[in-house]
Amino acid sequence: MHSMRFCVVVIIGFCLFNAGLIAQSTKPDRQVAVTIDDLPAGMADRLPATDITAMTAKLLTTLRDQKVPVVGFVNEKKLYKPGEVDERIKVLEMWLDYGFELGNHTFSHVSLNQAGLKAWEDDVIQGESVTRILLAQHKMKLRYFRHPYLDTGRDLETRRKADEFLAQRGYRIAPITLDGWDWMFAGVYEDAKKRNDTALQQQIVKDYLAYHDAVFAYTEQQSVKVVGYEPRQILLLHASNLEADHIGELMDVLRKRGYRFITLGDALDDSAYSLPDTFVGEGGTGWIDHWAITQGKIPQGAPVFPQWVIAKAKELHQSTGQVSAETQ
Ligand SMILES: [Zn+2]
């Protein structure tokens, strides 16, 4: 009897061991770099510096605890609120003190497509002053640039000139491949949080996580169609209370899909980021789309954004008279 039971235990154990090996070998080794735009905060004009500081501390604590490397992209114009300038600069310093990196997202979040090349170049330069000093104090250099609205130029000549300008100033362009429009959820979440509407907050978070998961799945499929494999992905998020409160859960969604977190520099080493890219357009988009369109493949089947969130966001703008320009 004893030996029989021993045999069963051994066989079961062996099966479990094998199942473990199979699960391990079939789990894809996915990699992602996280980037966060619109620092010090997407809604910096509406939030007092104390709120921005608390939001940032919460966001950075989670990211540091979970060992997620991040580059944050700054709009320095948001620092210049009378009486709050020092406090707002301290928020940027927090990013470096926590061990993260800062990049340039232009001074005033200006679109290359709207402003034109010269005005846009001036805004890029104006956006360097404080960030460059803070980085130097941490023995770092300003080396990454992210286009506002992902607008990279309406025509190829402008795009190439802008690329050349950025390269001359020592920048590497930070492309994106994963984008779940978190800024759209974040605006509605901010309002629900202010009104202590916890039921609505939960609903927003549920859809924010589900929509991102759907975008990740779609982008993985598109990657294989366009690039031939899943490159090291780059995720676009925005500095907001939604991310401060829930980014840990979003990182769990990525982990469940087999992702591990890498630096932006490591992501850019993927040869996908040197693929031919002749994309131009009125509106910006992610780089998987850039490469698809360059190859003459029209991107199809992107998951539909939850319409009720768009409707709520529109309602908010109407009732406050404010139009959010802080997107992407
Ligand atoms: Zn932005």
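Residues numbered from 1 in each chain as written. Predicted model: local features only at pLDDT ≥ 70, side-chain atom pairs only at ≥ 80, totals over all residues. Heavy atoms only, no water.

Looking only at helices and strands, the protein chain features 13 helices and eight strands. Counting all 328 residues of the protein chain, 50% fall into the buried class. Of the contacts formed within the protein chain by residues at least 6 apart in sequence, a portion of 83% connects residues at least 24 apart. For the protein chain, the accessible area works out to roughly 15700 Å², and carbon and sulfur atoms hold 57% of it. (Helix = DSSP H or I, 4+ residues; strand = E, 2+ residues; numbered from the N terminus. Buried < 20%, exposed > 50% of the residue type's maximum accessible area, 1.4 Å probe, protein only. Contact = heavy atoms within 4.5 Å. Areas by Shrake-Rupley, 256 points an atom, 1.4 Å probe, with all protein chains shown as cover.)

The buried count for strand E7 (residues 233-238) comes to six of six residues, which makes it a mostly enclosed element. The side-chain alternation of E7 yields two buried faces, one formed by Gln-233, Leu-235 and Leu-237 and the other by Ile-234, Leu-236 and His-238. The sheet contact formed by strand E6 (residues 178-179) and E7 spans two bridges and is parallel. Its bridge partner lying in E7, Asp-179 is registered against Leu-236. (Pairing = 2+ DSSP bridges.)

Summarising burial for strand E2 (residues 70-74): five of the five residues are buried, a large majority. The alternating pattern of E2 places Val-70, Gly-72 and Val-74 on one face and Val-71 and Phe-73 on the opposite face, and all of these are buried. With four bridges connecting them, strand E1 (residues 30-39) and E2 associate as parallel partners. Paired with Thr-35 across the two strands is Val-71, which belongs to E2. Of the crossover connections in this fold, the one passing from E1 over helix H2 (residues 49-65) to the parallel E2 is right-handed. Of the strand pairs in this sheet, E2 and strand E3 (residues 101-104) are connected by four bridges, and their pairing is parallel. In the strand pairing of E3, Gly-72 is matched with Leu-102. (Right-handed = clockwise from strand over helix to strand, strands pointing away.)

Here Glu-157 is to be found in helix H7 (residues 156-168). Separated by 123 residues in sequence, Glu-157 and Val-280 have C-alpha atoms that sit 9.7 Å apart.

Take the side chain of Asp-191 next. Here Asp-191 is to be found in helix H8 (residues 182-194). Among the polar contacts listed, one links the side chain of Asp-191 to the side chain of Arg-195, at a separation of 3.0 Å. (Polar contact = N/O pair within 3.5 Å; in protein donor to acceptor, adjacent residues only side chain to side chain.)

This next bit is on the environment of Trp-183. Looking at the element boundaries, Trp-183 is found in helix H8. Here the alpha-carbon distance between Trp-183 and Met-43, two residues 140 residues apart in the chain, equals 9.7 Å.

Purely geometric numbers; function is a separate question.
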